[in-house]
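So you can see what is in the structure, the chains are spelled out below.
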Amino acid sequence: QVQLVESGGGSVQPGGSLRLSCAASGSIFSTNYMGWYRQAPGKERELVADITYSRSANYADSVKGRFTIARDNARNTVSLQMNSLKPEDTAVYYCTMEVKFYAGSHYLPFWGQGTQVTVST
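The structure reproduced in this document is the subject of the present report. (Residues numbered from 1 in each chain as written. Predicted model: local features only at pLDDT ≥ 70, side-chain atom pairs only at ≥ 80, totals over all residues. Heavy atoms only, no water.)

1. Focus on unusual backbone geometry
- Positioned with a positive phi, Arg55 is a non-glycine residue whose angle comes to about 75 degrees.
- Mapped onto the secondary structure, Arg55 falls in the loop between β5 (46–51) and β6 (57–59).
- A positive phi angle, close to 55 degrees, is found at Asn76, a residue other than glycine.
- Among the residues examined, Asn76 registers a relative accessible area of 13% and is labelled buried. (Helix = DSSP H or I, 4+ residues; strand = E, 2+ residues; numbered from the N terminus. Buried < 20%, exposed > 50% of the residue type's maximum accessible area, 1.4 Å probe, protein only.)

Below you can see the structure in the form of structure tokens.
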């Protein structure tokens, strides 16, 4: 069993910054894919950014140049630095992670509980 705990959400004015963190705990042997997704009211969940084990990152066009994803493989952690925030970034942000346990040979996907990000005046 694995638990993903998110932190760092909150309210900020346009142009401000926030940093989200997601930490996994459990009998983890290794991790693979990591990513951040978001869902705004009335909209479908969308990819924000993701990153491979070797730290190759991809970003949605809407956040390129403003957001930065990073990971710590030793601590099973993924973060999202969000700069120059816009009202359109308002959403619940979810982290996801593929985890391999000592008892198994396959990677399995897990999700965090979500954290609210609100950008407004």
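2. Let's talk about the side chain of Thr31
- With respect to the helices, strands and loops of the structure, Thr31 is situated in strand β4 (residues 28–39).
- Taking relative accessible area as the criterion, Thr31 reaches 2% and is therefore assigned buried.

3. Some words on the state of the cysteines
- Here the structure, examined in full by the defined rule, presents 1 disulfide.
- At a sulfur-sulfur separation of 2.0 Å, the disulfide partner of Cys22 is Cys95. Of note, the bridge from Cys22 to Cys95 carries an S-S torsion of about 55 degrees and is right-handed in sense. Residue Cys22 is located in strand β3 (residues 18–26), and its partner Cys95 is located in strand β9 (residues 91–101); the two are separated by 73 residues in the primary sequence. (Disulfide = S-S within 2.5 Å.)

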